[in-house]
Amino acid sequence: MKITDIITYYNRNNREPISKYDVTAALQTMNKLGTGCSILRNEYVCTVPFSLSDDSQELMNVAEEVGYVSARVMQEKRRWEVDRFEAKIRVLVQEGLVWVDRQAGSDGPRYYFPSQINFN
């Protein structure tokens, strides 16, 4: 989830507002307890103990740009082979970091990062 979304949601429902510093400090304190929470790309809160590879981060970057990723999108945007895409996206799906839409269209499934969805 985006840190800005957390701040917006919290501030809308509480009298005492918080800042990005407050969220970052809270996560650092929680990490001392071994929670596995972390901040990715200085923008997203990750609540699963999972480290993103460079390829996974590239998938997130393209999803942020396009709104989703698919084998076709990654071929067009980054010249990835289908096998590379499928291997990387499979790990993200298994970890629950990506949602799959198999009914998106004729060019195959689309994959969405829930952390990039704006719930406001």
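Use the structure listed above.
K.L.:
Sorry, what's going on with the packing of aromatic side chains here?
P.N.:
Each aromatic ring pair is specified by the distance between its two centres and by the angle formed by the two planes. Tallied over the entire structure, the rule returns 2 aromatic pairs. The interplanar angle of 50° and the centroid separation of 5.9 Å between the aromatic rings of Tyr 68 and Tyr 112 together place this pair among those described as tilted. Residue Tyr 68 is found in the loop between helix H3 (54–66) and helix H4 (71–78), and its partner Tyr 112 is found in strand S4 (residues 110–112); the two are separated by 44 residues along the sequence. The class of Tyr 68 is buried, set by a relative accessible area of 12%. Judged by centre distance (5.6 Å) and plane angle (65°), the ring pair of Phe 85 and Tyr 111 falls under edge-to-face. With Phe 85 in helix H5 (residues 82–94) and Tyr 111 in strand S4, this residue pair connects regions lying 26 residues apart in the sequence. Its relative accessible area of 2% is what places Phe 85 among the buried residues. The ring centre of Tyr 68 lies 4.2 Å from the NZ or CZ of Arg 110, which sits over that ring.

K.L.:
Any chance you could explain the side chain of Ser 70 here in plain terms?
P.N.:
Along the polypeptide, Ser 70 turns up in the loop between H3 and H4. Ser 70 sits in the buried class, given a relative accessible area of 1%. There is a polar contact of 3.1 Å between the side chain of Ser 70 and the backbone nitrogen of Val 73. With sequence-adjacent residues up to four places away left out, Ser 70 is seen in contact with Phe 85, Asp 107, Pro 109 and Tyr 111.

K.L.:
Looking at this structure, I do not really get the nonpolar core. What am I missing?
P.N.:
Side chains that are nonpolar tend, in soluble globular proteins, to be buried together. Leu 59, Val 69, Phe 85, Ile 89, Leu 92 and Phe 113 are the most contacted members of the largest nonpolar core, which has 20 residues in total. Only strand S2 (44–46), H3, H4 and H5 provide two or more residues apiece to this core. The element contributing the most residues to this core is H3, with 4 residues. Beyond its immediate chain neighbours, meaning those up to four positions away, Phe 113 contacts Leu 59, Met 60, Ala 63, Val 69, Leu 92, Leu 97 and Val 98. Counting residues in hydrophobic clusters, the runner-up holds 6 residues, among them Ile 7, Val 23, Leu 27 and Val 45.

K.L.:
I'm lost on the pattern of salt bridges in this one. Help?
P.N.:
Oppositely charged side chains may form a pair once their charged atoms are brought near each other. Under the counting rule described, the total for this entry stands at 8 salt bridges. Here Lys 2 ties to Glu 43 by a salt bridge, and the two come within 3.6 Å at their closest N and O atoms. Within this pair, whereas Lys 2 is found in the segment before helix H1 (3–13), its partner Glu 43 is found in the loop between strand S1 (38–40) and S2, the two being separated by 41 residues in sequence. Of the residues examined, Lys 2 reaches a relative accessible area of 21% and is grouped as partly exposed. According to the relative accessible area criterion, Glu 43 is partly exposed, its value standing at 26%. Where Lys 77 meets Glu 65, a salt bridge forms, and the shortest distance between an N and an O atom there is 3.0 Å. With Lys 77 in helix H4 and Glu 65 in helix H3, the pair connects residues that are 12 residues apart, well separated along the chain. Looking at Lys 77, the relative accessible area reads 40%, which means it is partly exposed.

Reading the values: rules and limits
- Residues numbered from 1 in each chain as written.
- Predicted model: local features only at pLDDT ≥ 70, side-chain atom pairs only at ≥ 80, totals over all residues.
- Heavy atoms only, no water.
- Phe/Tyr/Trp six-rings, centres within 6.5 Å; stacked < 30°, edge-to-face > 60°.
- Helix = DSSP H or I, 4+ residues; strand = E, 2+ residues; numbered from the N terminus.
- Buried < 20%, exposed > 50% of the residue type's maximum accessible area, 1.4 Å probe, protein only.
- Lys NZ or Arg CZ within 6 Å of the ring centre and 35° of its normal.
- Polar contact = N/O pair within 3.5 Å; in protein donor to acceptor, adjacent residues only side chain to side chain.
- Contact = heavy atoms within 4.5 Å.
- Core = buried A, V, L, I, M, F, W, Y, C linked by side-chain atoms within 4.5 Å.
- Salt bridge = Lys/Arg side-chain N within 4 Å of Asp/Glu carboxyl O.

Honestly, that's just the spatial picture; any functional story needs more than this.
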